[in-house]
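Listed below, chain by chain, are the residues.
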Amino acid sequence: MSKPVIYGISTSRAFRSIWAIEETGIDYEHVPTSFMGDAQSEEYLAVNPNGRIPALVDGDMKLFESMAINFYLAKKYAPHLIPDGLQGEAQALQWSVWAISEIEPLQTQIVVQKFFTPDDKKDEAVMARTARGLERPLKVLDTHLAQRDYLLGNEFSLADLSLAGVMDLLNMVEFDTSAWPHVQRWRDACYSRASYTRAKQVGESA
Ligand SMILES: N[C@@H](CCC(=O)N[C@@H](CS)C(=O)NCC(=O)O)C(=O)O
């Protein structure tokens, strides 16, 4: 039986799936695949025709989209990460979709401004507007976390991994979340997991 194979590097959206596979504790193969170049190679396009990382191959199954990969990994290899029953699964899905729809598009604008826009083209108004846009979802998250340690209760779950995995990019751009103390405390707890540290090391480069 072949090992599952994950493609990507940790300084990208692939990090969240590298973290997920580390959290499962299974034996797997990592293929460092950069989003610049490697992801457009013919060989990789046969794995993910979108030419984006991450991707997963498990036996005869190929999967793209980080959140789908995370759900698959948890359901197959670490079912304790998703609470039993339809409700728990739907809530894990809710926060995962929320991460990529309510948080990611805004934080991506900050990343683009900070790292991919030449100094003479940087737009402070975009940065300010984006930071203001993040205030609404961060307040929702802070209020939710004021009542519980983790998103789905008092245990770390797939919902935490996927949302904190998306929000990891906020660390890279040094976005200050101290105005939302419960978010800050929750992020610290998620990022203190051994699987997080291992995923950073495993997926470092291509
Ligand atoms: N929705 C996808 C997004 C993946 C994505 O955009 N990955 C970027 C790296 S951060 C990429 O591979 N970019 C290469 C390209 O667009 O050519 C997911 O969550 O898996």
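What you are looking at is a predicted structure, and each value in this text was computed from that prediction instead of being measured. (Residues numbered from 1 in each chain as written. Predicted model: local features only at pLDDT ≥ 70, side-chain atom pairs only at ≥ 80, totals over all residues. Heavy atoms only, no water.)

**A few points about the domain arrangement of the chain**
Point 1. Domain boundaries in the chain define domain 1 (5–80 + 195–202) and domain 2 (83–193).
Point 2. On a C-alpha basis, the centres of domain 1 and domain 2 stand 20 Å from each other.
Point 3. Facing the 15 residues of domain 1 at the interface are 19 residues of domain 2.
Point 4. Counting each side, the surface lost to burial between domain 1 and domain 2 is near 1700 Å², with a carbon and sulfur contribution of 62%.
Point 5. Looking only at domain 1, the three residues that lose the most surface to domain 2 are Trp-19, Met-67 and Phe-71, adding up to 36% of its buried area.
Point 6. The interface formed by domain 1 and domain 2 includes five salt bridges.
Point 7. A salt bridge links Glu-89 to Lys-75; the nearest nitrogen and oxygen atoms lie 2.9 Å apart.
Point 8. There are 11 residue pairs in polar contact (both at pLDDT 80 or more) connecting domain 1 and domain 2.
Point 9. Among the secondary structure elements, those contributing two or more residues to the side of domain 1 that touches domain 2 are helix 1 (15–24), helix 3 (66–77) and helix 8 (194–202). (Domains from an automatic or database assignment. Contact = heavy atoms within 4.5 Å. Buried area = accessible area lost by both parts, 1.4 Å probe. Salt bridge = Lys/Arg side-chain N within 4 Å of Asp/Glu carboxyl O. Polar contact = N/O pair within 3.5 Å; in protein donor to acceptor, adjacent residues only side chain to side chain. Helix = DSSP H or I, 4+ residues; strand = E, 2+ residues; numbered from the N terminus.)

**Points about the site of the ligand**
Point 1. Close to the ligand lie Ser-12, Arg-13, Arg-16, Phe-35, Gln-40, Gly-51, Arg-52, Ile-53, Pro-54, Glu-65 and Ser-66, which account for all nearby residues.
Point 2. Take Gln-40: an N or O atom from its side chain is 2.9 Å from an oxygen atom of the ligand.
Point 3. A distance of 2.4 Å is found between an oxygen atom of the ligand and a side-chain nitrogen or oxygen belonging to Arg-52.
Point 4. Summarising the interface, the protein chains cover 77% of the accessible area of the ligand, which totals 510 Å² for the free molecule. (Near = heavy atom within 4 Å. Areas by Shrake-Rupley, 256 points an atom, 1.4 Å probe, with all protein chains shown as cover.)

**With respect to the side chain of Ser-10**
Point 1. Inspection of the secondary structure puts Ser-10 in the loop between strand 1 (5–7) and helix 1.
Point 2. Here Lys-200 takes part through its backbone oxygen, which lies 3.4 Å from a polar atom of the side chain of Ser-10.

**Points about the sheet that holds strand 2 (residues 29–31)**
Point 1. If you walk across this open sheet you meet the four strands as 2-1-3-4, and the pairing is mixed. In this open sheet, the two strands that pair with only one neighbour each are strand 2 and strand 4 (61–64). Pairs of neighbouring strands in the sheet enclose a mean axial angle of 20°, with direction left out of account. (Pairing = 2+ DSSP bridges. Axes fitted to C-alpha atoms, helices over the stretch in contact; angles between N-to-C directions.)

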